[in-house]
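These are the residues of each chain, in order.
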Amino acid sequence: MLLSCILTYLFCGTAWGWYPQTFEESLLPQTGYPTLQGFHRTYRAQAADTLIEIARSTGLGYLSLHHANPDTDPWLPSDGESILLPYAFLPPDGIQPGITINLAELRLYYVWQEKNRTRVRVYPVGIGTSGWDTPEGDFRITEKIVHPVWYPPASIRQNNPSLPSRIAAGPDNPLGDYWLGLSAPGYGIHGTSKPYGVGRRISHGCLRLYPGDIRDLFARVSVGTTVRIIRQPVKAGIKNDQLLVEVHRSENTAPETLLQDVLQQISRLPWQGHLDMEALKKELVLGRGVPTVVSR
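Summary of the structure given here. (Residues numbered from 1 in each chain as written. Predicted model: local features only at pLDDT ≥ 70, side-chain atom pairs only at ≥ 80, totals over all residues. Heavy atoms only, no water.)

## Describing the overall build of the protein chain
Stated formally: In this text, helices come from DSSP runs of H or I with a minimum length of four residues, and strands from runs of E with a minimum of two, each type numbered from the N-terminal end. As defined in this context, the radius of gyration uses C-alpha atoms, and a globule is described by 2.2 Å times the residue total to the power 0.38. Note on contacts: a residue pair qualifies if any of its non-hydrogen atoms lie within 4.5 Å across the two residues. Method for areas: the Shrake-Rupley scheme with a 1.4 Å probe, in which residue coverage is limited to the protein chains shown. Only four residue types enter the charge count: Lys and Arg as positive, Asp and Glu as negative, with His and the chain ends excluded. Charge coordinates come from a single atom per side chain, which is NZ of Lys, CZ of Arg, CG of Asp or CD of Glu.
A tally of helices and strands in the protein chain yields eight helices and 15 strands. In terms of overall dimensions, the protein chain is globule-like: its C-alpha atoms have a radius of gyration of 19 Å, near the 19 Å expected for 296 residues. For the protein chain, the spread of C-alpha atoms along the three principal axes comes to 60 × 45 × 40 Å. In the protein chain, of all internal contacts separated by at least 6 residues, the share reaching a separation of at least 24 is 67%. Here the protein chain displays about 14,000 Å² of accessible surface, and carbon together with sulfur accounts for 51% of that area. Within the protein chain, one finds 28 positive and 27 negative side-chain charges whose respective centroids are separated by 5 Å.

## Concerning the sheet that holds strand 8 (residues 178-182)
Spelled out, the test is: When DSSP finds at least two bridges between two strands, those strands are taken to pair.
Read across the sheet, eight strands follow the order 5-4-3-12-7-8-9-11 without closing on themselves; strand pairing throughout is mixed. Each end of this open sheet is capped by a strand with a single partner; those strands are strand 5 (117-124) and strand 11 (207-208). Across four bridges, strand 3 (residues 98-102) lies against strand 12 (residues 226-230) in parallel orientation. Paired with I99 across the bridge in strand 12 is V227.

## Regarding the packing of aromatic side chains
Stated formally: Think of it this way: a Phe, Tyr or Trp ring, Trp meaning its six-membered ring, pairs with another when their centres are within 6.5 Å, and the plane angle makes it stacked under 30 degrees, edge-to-face over 60, tilted otherwise. Per-residue accessibility, obtained with a 1.4 Å probe over protein chains only, is compared with the maximum for each type, and a residue is labelled buried under 20%, exposed over 50%, and partly exposed between these values.
Summed over the entire model, instances satisfying the criterion amount to four aromatic pairs. Summarising the aromatic geometry, the rings of Y19 and Y87 are spaced 5.0 Å apart at their centres and angled 65° between planes, so their arrangement reads as edge-to-face. Note that Y19 is positioned in the loop between helix 1 (2-12) and helix 2 (23-26) and Y87 in the loop between strand 2 (82-85) and strand 3, a separation of 68 residues in sequence. The pair Y19 / Y87 is uniform in exposure class, with both members buried. Relative to F218, the ring of Y178 has its centre 4.9 Å away and its plane inclined at 50°; by these criteria the two rings are tilted.

## Examining empty space enclosed by the protein
Here is the rule we go by: Here a cavity is any set of points on a 1 Å grid over the protein atoms alone where a 1.4 Å probe fits but cannot get out, and a pocket is any open set with protein on both sides within 12 Å along at least 5 of 7 lines; a residue lines the site when it has an atom within 4 Å of a point. Grid points are joined across faces, edges and corners, and a volume is the space filled by probe spheres set on the points. Residue type decides the class: Asp, Glu, Lys and Arg count as charged, Ala, Val, Leu, Ile, Met, Phe, Trp, Tyr, Cys and Pro as nonpolar, and the leftover types, Gly among them, as polar.
According to the stated counting rule, one finds three cavities of 30 Å³ or more in the structure shown. Taken together, 13 residues form the lining of the largest cavity, with L63, S64, H67, A104 and H248 sitting closest to its centre. Of the residues in the lining of the largest cavity, the class split is three nonpolar, five polar and five charged. In this structure, the second largest cavity occupies an estimated 40 Å³ of space. Taken together, Y19, L60, G61, L63, S64, E105, L106, R107, P124 and G199 make up the full set of residues lining the second largest cavity.

## Some thoughts on the nonpolar core
Test applied: We call a set of buried Ala, Val, Leu, Ile, Met, Phe, Trp, Tyr and Cys residues a nonpolar core when their side-chain atoms join them within 4.5 Å.
Formed by 46 residues in total, the largest nonpolar core has its most connected members in I99, I101, L108, I189, L207 and L217. The residues touching I101, leaving out its near neighbours within four places in the chain, are R107, L108, V125, I189, L207, V227, R228, I229 and I230. By size, the runner-up hydrophobic cluster in this structure holds 16 residues, among which are I238, L258, L259 and L284.

## Brief notes about helix 3 (residues 51-58)
The element helix 3 is largely enclosed, with a buried count of six among its eight residues. Phi turns positive, to about 75°, at G59, one or two residues after helix 3.

Printed below as a string of structure tokens:
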């Protein structure tokens, strides 16, 4: 795996965490509608790789990488197999300065103003598992804590009686080194002692980032920063006069419902071309989370 990480570093130019990493790629165009941001990369799998390891070493979420490569064996990719690293994306609807978390795609978007330009930075995020769903709605950051102490709630200790009532800051603390408390009581954005859970539905409702990503985000936000948590499995946008959609697998939404949703989004775009309905329906079924051209 060490060789894999070194090759990833050499290929991508950096150990990818948040993205886009270049200034030009991170600029949000002033178009008034979603447009494609960033660029995909590829990675050549090595003999000992798994998609979980590749996701961690390239700074992507596991499910995002897995869905983008549906024909790849997640535990045994072929030696030399080309793996798509899905860094390109369409921003969610109504993205604005502050934090937007799209639960459907397991990504956190941070938008800010810099030198009269609007920039965006994306971080993969772990969210609540079934029965411990991350709440949707409009919130704000209410506190910033370095080296937080974790006091497991009674509901969690009931499911795991071996948990102590207090876990001190340190390498065994599941909150990691940074905590951003939300105005939703008991919920926050934090690091993790188990980075392989980032980009998966695995938490008790909080939002987990890779250790390097939460350190970066923590330094950029302040108490009072807005946090919008949404669930938007389908996104539509335009790039170079082409219509694109990005579909993330939805366990609870039928393809027919997703179709109506995306057609409504397309109707709001300044686009008058021909829709390739067959390509659109195929992408709704696959749900790869990869921006795909659906115009002719």
